[in-house]
Amino acid sequence: MSTRYEEPNRVARAGNAVIRGLADLGISIAGTRALRVRGRKTGKQRAVVINLLAIDGVDYLVSPRGNTQWARNVRAAGVVEVGPRWRRRTLQATEVDDAAKPALLKRYLDRWYWQVKGYVAGLTPDSSDDEFRAGAPSIPMFVLRPQ
């Protein structure tokens, strides 16, 4: 597990709050989804907007900024809620092994590099397999399955 965490600045937090509000209403911008997870210290529900990577019917959460607060909360809770207010799905979240991440990260960056390029551990969609393997431990990733 990596300790890398690229904290968003005030402008990014404000933008994320607006996009999270839209996602909570069911309005997705470029594949965004509302994520809710119980806080590991307070026990309160925490909300964040994420890009949900779907591959062959399997959903993945990716934390391109590293070991963020929401990633730590998902790791501790093991359960998340995804979707708008009226259609939230409760899902089991299991961390993906570092060895399986490179192929998934490539797919994630193919789709959202334009959005996450400034904080994805220096990776690009054209990074080599060795670069993906080197960067994988610093990017938490979870597979989501029905409870």
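Here, the structure is the one placed above.
Counting starts from 1 at the beginning of each chain's written sequence and moves along it residue by residue. Only residues with pLDDT of at least 70 are given local features in this predicted model, and only at 80 or more are side-chain atom pairs given and counted; all residues enter the totals for whole chains, interfaces and linings. The side-chain quantities take in all heavy atoms of the structure and omit both hydrogens and water.

Draft legend 1. Layout of the sheet that holds strand β3 (residues 58–62). Pairing between strands is defined by DSSP: at least two bridges between the two strands are required. Numbering of helices and strands runs from the N terminus, with a helix taken as a DSSP run of H or I at least four residues long and a strand as a DSSP run of E at least two residues long. Sheet architecture is closed into a barrel: six strands sit in the order β1-β2-β3-β6-β5-β4, paired in antiparallel fashion. Ignoring strand direction, the axes of neighbouring strands in this sheet form an average angle of 45 degrees. Across five bridges, strand β5 (residues 89–95) lies against strand β6 (residues 141–146) in antiparallel orientation. When the sheet's bridge partners are listed, A93 is paired in β6 with L144. All axes are obtained by fitting lines to C-alpha atoms, using only the stretch in contact for helices, and the reported angles, taken between N-to-C directions, cover 0 to 180 degrees.

Draft legend 2. Helix α2 (residues 69–77), seen in detail. Each residue's exposure class comes from its accessible area (1.4 Å probe, protein chains only) as a fraction of the maximum for that residue type: buried when under 20%, exposed when over 50%, partly exposed otherwise. Residues of α2 that are buried include every one of W70, A71, N73 and V74, and no others. Buried residues of α2, seen end-on, are gathered within an arc of 160 degrees and therefore sit on one face of the element. Tucked inside the fold, the buried residues of α2 contact β1 (32–38), β2 (45–55), β3, β4 (79–82), β5 and β6. Just beyond α2, the residue with positive phi is G78, at close to 75 degrees. Directions are taken from the helix axis to each C-beta atom, and the arc is the one they span. The contact rule is simple, with two residues in contact once any of their heavy atoms fall within 4.5 Å.

Draft legend 3. A look at the side chain of K101. Mapped onto the elements, K101 comes out in helix α3 (residues 101–116). Relative accessible area serves as the criterion here: at 1%, K101 is assigned to the buried category. Contacts described as polar in this section are N or O atom pairs within 3.5 Å, which, within protein, must combine one atom able to donate a hydrogen with one able to accept it, while residues neighboring in sequence count only if both atoms come from side chains. Polar side-chain contacts of K101 include one of 2.9 Å to the side chain of D98. In this structure the side chain of K101 is engaged in a polar contact, spanning 3.2 Å, whose partner is the backbone oxygen of A136. For K101, the residues in contact, after removing those within four places along its chain, are V96, A136, P137, I139, P140 and M141.

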